[in-house]
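Summary of the model geometry
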Amino acid sequence: MGSRASVRGAAVPRPEREGAMAGQELSRSEVCGMLRQELSRDEAFLQGQPHVFIILGASGDLAKKKIYPTVWCPPDTHVVGFARTPLTVEQIRQQTLPYLKASPEESERLAAFFSRQSYVRGQYGEEGAFRQLDAHLRGLPGARANRLFYLALPPSVYAPVTRHIRQACMGGGWNRVIVEKPFGRDLASSDALSHHLGGLFREDQIYRIDHYLGKEMVQNLMVLRFGNRIFGPIWNRDNVACVVLTFKEPFGTEGRGGYFDDFGIIRDVMQNHLLQMLCLVAMEKPASTDPDDVRDEKVKVLKCISPVELDDVVLGQYVGNRGPPEAQKGYLDDATVPPGSTTATFATAVLRVANERWDGVPFVLRCGKALNERKAEVRLQFREVPGDIFGRQCKRNELVVRVQPDEAVYTKMMTKKPGMFFNPEESELDLTYGNRYKDVKLPDAYERLILDVFCGNQMHFVRSDELREAWRIFTPLLHTIEERGEKPIPYLYGSRGPAEADELLKRAGFLYEGTYRWVNPHKL
């Protein structure tokens, strides 16, 4: 792993790796260069070929915080913003600079990036505005430039915007479209969106982005599973008692409750981020790292999961607590949330994969806002050692992949307690990236994924059949919750969530001992 900015598992040549490990933190442009080097395969990314990156929704938060700070890396790329808001390139620069994280040495490169920027104002529903955009694009250098369209837009305008792109803005090189989640609200709306996009573009032109698939440790799951012999024989129902996938945020909606209330925590996190991680944990080894081979295996796993039942779910909504001002406000105290809303800000659900490898093993998905910590992780809890000879002193082993914060892989295991006595105690094998890979900059998830699109690599993007299976699993549950007006259980801001969720986890078969205490070996 070293200092490589891993996307496809290809290693950076050793001299670069050693230099990065021994020297200063890599700059943003160096990281981008490494990514291009790893992704370039069969001339998928041609250095001298012109590209135009069109950001639809250029005035929004996503554009200024995530997209512009990423796309300043690729050379020979013109960036064109499009939105309804009157904007200038200078205003875009001012809005974007706080998020760019460019080093002083990169000032010339940054200036060159802004010199290649432009902005077109127009309405999303007017074809004439897109014909003006196309005329602007044709006036840029490179008559047959590749065009990449990023839809940083509300889903309500996906249909007219994509139709106008197809009718008025297709270029002479390749044309690719990045679509942000949510991909519909349920199976029917998702199918309608997929049918609409499929009527305009080929599947290899559509990139449904879930930024969690660009995170270092999520991508590392495949290498851990299929690059290490020690895990293969134990990665099954004979050895694994329970799998828990967790996403926790320590803050509430913070004035964005109006948007969140339209979707809720299941649509916002569980149906996409957590389910994607479940697929990587549960799928069989693909025939290769070819994107379709990987996504074929993910679809096979999803087909083995029955729709979630309400009896296997706990819903919660945070209320105010003592502490700082933000903690004193509950979800319903957010002025942008409709009065009396029953939208869940917390959910725990138990899923089961009915195949030979995982039959009987519960997969528990937990996610929520305004909880006690920021954490995203995958936790495999193994069964007890048969034939116990230590008087029930041994705890279950666990393998934990911590996605954020402080990326790590660690194994909880039993060792002899040092000293005169022959007593077992819990310890760990710990690979914390910040300690092992000092001075290594891990690329941002959007950085990885947008460069994937430039290179035509769809491995970390959601395919239409994969999306359909994901909605099949959750749509009956979502409709039941909405039809019944199911009320979530209140939980305090800054807590672990509803106690009922811990009870569900216990009933599913997860054992929480509460005796393990991690000691940072690098601070002893």
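Residues numbered from 1 in each chain as written. Predicted model: local features only at pLDDT ≥ 70, side-chain atom pairs only at ≥ 80, totals over all residues. Heavy atoms only, no water.

1. Some points on the sheet that holds strand 2 (residues 77–83)
- Read from one edge to the other, the open sheet built from 6 strands follows the order 3-2-1-4-5-6, with strand pairing classed as parallel. Across the chains shown, the open sheet's two edge strands, defined by having one partner strand only, are strand 3 (117–121) and strand 6 (206–209). When strand polarity is set aside, the average angle formed by the axes of neighbouring strands in this sheet is 20°.
- One ladder, built from 6 bridges, connects strand 1 (residues 51–56) with strand 4 (residues 146–151); its direction is parallel. Directly across from Leu56, in strand 4, lies its bridge partner Leu151. (Pairing = 2+ DSSP bridges. Helix = DSSP H or I, 4+ residues; strand = E, 2+ residues; numbered from the N terminus. Axes fitted to C-alpha atoms, helices over the stretch in contact; angles between N-to-C directions.)

2. Considering the pairing of strand 8 (residues 313–319)
- A large share of strand 8 lies buried, amounting to 6 of its 7 residues.
- Two elements, strand 8 and strand 9 (residues 346–352), share 4 bridges in a ladder whose sense is antiparallel. Paired with Val314 across the two strands is Thr348, which belongs to strand 9.
- The pairing of strand 8 with strand 15 (residues 489–492) spans 4 bridges and is parallel. Within strand 15, the residue paired with Gln317 across the bridge is Pro490. (Buried < 20%, exposed > 50% of the residue type's maximum accessible area, 1.4 Å probe, protein only.)

3. Considerations on the environment of Asn236
- Within the element layout of this structure, Asn236 appears in the loop between helix 9 (216–226) and strand 7 (240–248).
- The class for Asn236 is buried, based on a relative accessible area of 15%.
- Side-chain polar atoms of Asn236 contact the backbone oxygen of Pro233, separated by 3.0 Å.
- In terms of polar contacts, Asn236 uses its side chain to reach the side chain of Asn239, at 2.9 Å. (Polar contact = N/O pair within 3.5 Å; in protein donor to acceptor, adjacent residues only side chain to side chain.)

4. Considerations on the side chain of Glu297
- Looking at the secondary structure, you find Glu297 in helix 12 (residues 291–303).
- Under the relative-accessibility criterion, Glu297 is labelled buried at 11%.
- Excluding anything up to four places from it in sequence, Glu297 contacts Met283, Glu284, Lys285 and Pro286. (Contact = heavy atoms within 4.5 Å.)

5. Re the sheet that holds strand 14 (residues 424–432)
- Read from one edge of the open sheet, 9 strands run 14-13-12-11-7-10-9-8-15, paired in mixed fashion. If you trace the sheet from one side to the other, it starts and ends with strand 14 and strand 15, each paired once. Across the sheet, the mean angle separating the axes of adjacent strands is 20° when strand polarity is ignored.
- The sheet contact formed by strand 12 (residues 398–404) and strand 13 (residues 408–416) spans 5 bridges and is antiparallel. Bridging from a neighbouring strand, Glu398 pairs with Lys412 of strand 13.

6. Remarks on empty space enclosed by the protein
- Summed over all chains, the structure comprises 4 cavities of 30 Å³ or more.
- Its boundaries defined by the atoms lining it, the largest cavity holds a volume of some 90 Å³.
- At the level of elements, helix 11 (264–282) and helix 15 (464–484) are the ones that each hand at least two residues to the lining of the largest cavity.
- Looking at which element gives the most residues to the lining of the largest cavity, the answer is helix 11, with 5 residues.
- Taken together, the residues of the lining of the largest cavity sort by class into 7 nonpolar, 3 polar and 2 charged. (1 Å grid on protein atoms, 1.4 Å probe; cavity = no way out; pocket = protein on both sides within 12 Å on 5 of 7 lines; lining within 4 Å. Points joined across faces, edges and corners; volume = space filled by probe spheres on them. Nonpolar A, V, L, I, M, F, W, Y, C, P; charged D, E, K, R; others polar.)

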